[in-house]
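Given next are the chains, with one letter for each unit.
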Amino acid sequence: MRKYGVVDTTFSRVDMGSIAIKVIRAEDPDAEIIRYTVPGIKDIPVAAKRLLDEGCDGVITLGWVGKSMLDKYSYLATSIGLIITQVLTSKHIIDVTVHEDEVDNEEKLKDLAIDRVTKHAKNLVKLVRDGRNALTPYAGKGLRQGYENVGPID
Ligand code: RDL
Ligand code: RDL
């Protein structure tokens, strides 16, 4: 039985955890999904590690980064923590992060968040359920999450 972990934060301004769970459930109906909500991004790596230690085959993390330099440094630390955790556990952690200054209005930010979570939740299921070649048909295609795909250079 496949088991997916979903880590989200109370800092986030969009309920990305619920979206991720809905998408994973639709893509892989038989799987078990475990959710773990933490205060903020710096708390995410240990939550992801615990879910992997408890038997999850892969985890999706849902972070929200504020606009200040301090927030960006917090994300850099988080990102390094997530990469180290992946290397140590040999399991995928799909890092979905929304940076609050990516776009200039809240409506667009929400749409961007929904698009990024949805596409990356599908990526996680592909990697976990279908294996290392599941994304190969899309290699070099200029896919983007949160935005329209930019496509390949001809
Ligand atoms: O461990 C408690 C907090 O330190 C932790 O939750 C941090 O991730 C909180 N936090 C910051 O301290 C910060 O400066 C966050 C951000 N910026 C941020 O941009 N996004 C967060 N948390 O989710
Ligand atoms: O784990 C899922 C994603 O976080 C991961 O695939 C990232 O590498 C995606 N990504 C970014 O989030 C980003 O801000 C990429 C870039 N920039 C980039 O420039 N090139 C990438 N990925 O291949």
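Residues numbered from 1 in each chain as written. Chains lettered and ligands numbered in written order. Predicted model: local features only at pLDDT ≥ 70, side-chain atom pairs only at ≥ 80, totals over all residues. Heavy atoms only, no water.

**Quick word on the overall build of the protein**
Right, so step 1: Along the backbone of the protein there are four helices and four strands.
Right, so step 2: Listed N to C, the secondary structure of the protein is β-α-β-α-β-α-β-α in terms of helices and strands.
Right, so step 3: Along the first, second and third principal axes, the C-alpha atoms of the protein reach 40 × 40 × 25 Å.
Right, so step 4: Evaluated residue by residue, the protein yields a buried proportion of 44% over its 154 residues.
Right, so step 5: Restricting the contact set of the protein to residue pairs at least 6 apart, pairs at least 24 apart contribute 72%.
Right, so step 6: As presented, the protein carries roughly 8600 Å² of accessible surface, and 53% of it is formed by carbon and sulfur atoms.
Right, so step 7: Across the protein, the centroid of the 22 positively charged side chains sits 3 Å from that of the 23 negatively charged ones. (Helix = DSSP H or I, 4+ residues; strand = E, 2+ residues; numbered from the N terminus. Buried < 20%, exposed > 50% of the residue type's maximum accessible area, 1.4 Å probe, protein only. Contact = heavy atoms within 4.5 Å. Areas by Shrake-Rupley, 256 points an atom, 1.4 Å probe, with all protein chains shown as cover. Lys, Arg positive; Asp, Glu negative; His and termini not counted. Charge placed at Lys NZ, Arg CZ, Asp CG, Glu CD.)

**A closer look at the site of ligand 2**
Right, so step 1: Near ligand 2, the surroundings consist of Ile-93, Ile-94, Asp-95 and His-120.
Right, so step 2: One nitrogen or oxygen atom from the main chain of Asp-95 is found 2.6 Å from an oxygen atom belonging to ligand 2.
Right, so step 3: Considering ligand 2 on its own, with 470 Å² of exposed area, one finds that the protein chains cover 26% of that surface.
Right, so step 4: Top element by residues in the shell around ligand 2 is strand 4 (residues 92-99). It accounts for three residues. (Near = heavy atom within 4 Å. Polar contact = N/O pair within 3.5 Å; in protein donor to acceptor, adjacent residues only side chain to side chain.)

**Observations concerning the layout of surface pockets**
Right, so step 1: In this structure, the largest pocket encloses a volume near 170 Å³.
Right, so step 2: Taken together, Lys-119, Lys-122, Asn-123, Lys-126, Leu-135, Tyr-138, Leu-143, Arg-144, Gln-145 and Asn-149 make up the full set of residues lining the largest pocket. (1 Å grid on protein atoms, 1.4 Å probe; cavity = no way out; pocket = protein on both sides within 12 Å on 5 of 7 lines; lining within 4 Å. Points joined across faces, edges and corners; volume = space filled by probe spheres on them.)

**Focus on a nonpolar patch on the surface**
Right, so step 1: Residues Leu-76, Ile-80, Ile-84 and Leu-88 make up a contiguous nonpolar surface patch of about 410 Å² in total accessible area.
Right, so step 2: Counting through the fold element by element, Ile-84 comes out in helix 3 (residues 69-89).
Right, so step 3: Its relative accessible area of 44% is what places Ile-84 among the partly exposed residues. (Patch = residues over 30% accessible without salt bridge, like charges linked within 9 Å, V, L, I, M, F, W, Y side chains within 5 Å. Salt bridge = Lys/Arg side-chain N within 4 Å of Asp/Glu carboxyl O.)

**Points about the sheet that holds strand 2 (residues 32-38)**
Right, so step 1: Spatially, 2-1-3-4 is the arrangement adopted by the four strands of the open sheet, whose pairing is parallel. With one partner strand each, in any of the chains shown, strand 2 and strand 4 form the two edges of the open sheet. The average angle at which neighbouring strand axes cross in this sheet is 15°, direction not considered.
Right, so step 2: As judged from the seven bridges shared by strand 1 (residues 3-9) and strand 2, these two strands associate in the parallel manner. Looking at strand 2, one finds that Thr-9 is bridged to Val-38.
Right, so step 3: Running at roughly 150° to strand 3 (residues 58-65), helix 1 (residues 16-27) makes contact with strand 1, strand 2, strand 3 and strand 4 of the sheet.
Right, so step 4: Strand contacts of helix 2 (residues 44-53): strand 1, strand 2, strand 3 and strand 4, with the helix running at about 165° to strand 3, the strand carrying the most contacts. (Pairing = 2+ DSSP bridges. Axes fitted to C-alpha atoms, helices over the stretch in contact; angles between N-to-C directions.)

**Considerations on helix 3**
Right, so step 1: The terminal C-alpha atoms of helix 3 lie 30 Å apart, and with 21 residues this matches the ideal 30 Å at 1.5 Å per residue to within 8%.
Right, so step 2: The inward-facing, buried residues of helix 3 contact helix 2, strand 3 and strand 4.
Right, so step 3: A positive backbone phi angle near 55° is found at Ser-90, which sits one or two residues after helix 3. (Expected span 1.5 Å × (residues − 1).)

**Topic: the nonpolar core**
Right, so step 1: Within the largest apolar cluster, 26 residues are counted, with the highest numbers of intra-cluster contacts made by Val-6, Met-16, Ile-24, Ile-60 and Leu-62.
Right, so step 2: If you tally residues by element for this core, the top one is helix 4 (residues 106-130), at nine residues.
Right, so step 3: Among residues more than four places away in sequence, those in contact with Met-16 are Leu-62, Gly-63, Trp-64, Val-98, Ala-113 and Val-117.
Right, so step 4: Ranked by size, the runner-up nonpolar core spans 14 residues in total, among them Leu-52, Cys-56, Val-59 and Tyr-75. (Core = buried A, V, L, I, M, F, W, Y, C linked by side-chain atoms within 4.5 Å.)

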